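# Structure assessment
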Amino acid sequence: MHEVSVVTSIVDAVIDELSKYNLEKVNSVTIMVGALTNLGDEQMQFAYEIVTRGTVLEGSELVIEHVPVEVRCESCGYWGPVSMLTDPDYETHSVPILSCPECKGDIKVVKGMECTVKCMDIEEVE
Ligand SMILES: [Zn+2]
């Protein structure tokens, strides 16, 4: 399951960051997940629960925010959202076909590939 390795690296990074604080508890961790990452919410939640067991993050909530795809066109300069034309085999091959909505040119994805920690809701020991 792809989600487990992604969640593991996120959790590792978060725990590393939290080691700077004198923690009472962690309420939640909010992550930004791009539409192109192909990560399922349910699988992420499930993986999070398992990966955080026995850590400072155990029992905290994983909040997932979705980041829509944004592209930049090399030919006409278009910058913005794009509707995803998916390959008929998308489910199995998982590579959506993206092209510029203005000129159908080749585009570069500027948003939607990321999976990053946005913020953490923690309580420090007084
Ligand atoms: Zn274009």
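With that settled, the discussion passes to the pairing of strand S1 (residues 23–34). As paired strands, S1 and strand S6 (residues 115–124) are joined by nine bridges and run antiparallel to one another. Pairing of threonine 30 across the sheet is with cysteine 119, part of S6. Note that S1 and strand S2 (residues 61–67) share seven bridges and pair parallel. Within the sheet, the bridge partner assigned to valine 33 lies in S2 and is histidine 66.

Protein-derived coordination of the zinc ion comes from Cys73 (SG), Cys76 (SG), Cys100 (SG) and Cys103 (SG), at a distance range of 2.3 Å. Written as a sequence motif, the donor arrangement for the zinc ion is C-x2-C-x23-C-x2-C. Exposure remark for cysteine 100: the relative accessible area of 0% places this residue in the buried category.

The next subject is the packing of helix H1 (residues 2–18) against helix H2 (residues 41–51). Close contact between H1 and H2 brings their axes to 9 Å; oriented N to C, the two are set at 55°. When the axis of H1 is compared with that of H2, the two are oblique. You can see that H1 and H2 cross each other, and the crossing is right-handed. On H2, the residues that touch Glu3, Val4, Val7, Thr8 and Val11 of H1 are Gln43, Met44, Ala47, Tyr48 and Val51. Looking at the contact of H1 with H2 residue by residue, the class counts come to seven nonpolar, two polar and one charged.

Parameters at a glance
Residues numbered from 1 in each chain as written. Predicted model: local features only at pLDDT ≥ 70, side-chain atom pairs only at ≥ 80, totals over all residues. Heavy atoms only, no water. Pairing = 2+ DSSP bridges. Helix = DSSP H or I, 4+ residues; strand = E, 2+ residues; numbered from the N terminus. Donors = N, O, S within 2.8 Å, 3.2 Å for Na, K, Ca; no water. Buried < 20%, exposed > 50% of the residue type's maximum accessible area, 1.4 Å probe, protein only. Axes fitted to C-alpha atoms, helices over the stretch in contact; angles between N-to-C directions. Parallel < 35°, antiparallel > 145°, perpendicular 65-115°, else oblique. Left-handed = near helix turned anticlockwise from the far one by under 90°. Contact = heavy atoms within 4.5 Å. Nonpolar A, V, L, I, M, F, W, Y, C, P; charged D, E, K, R; others polar.

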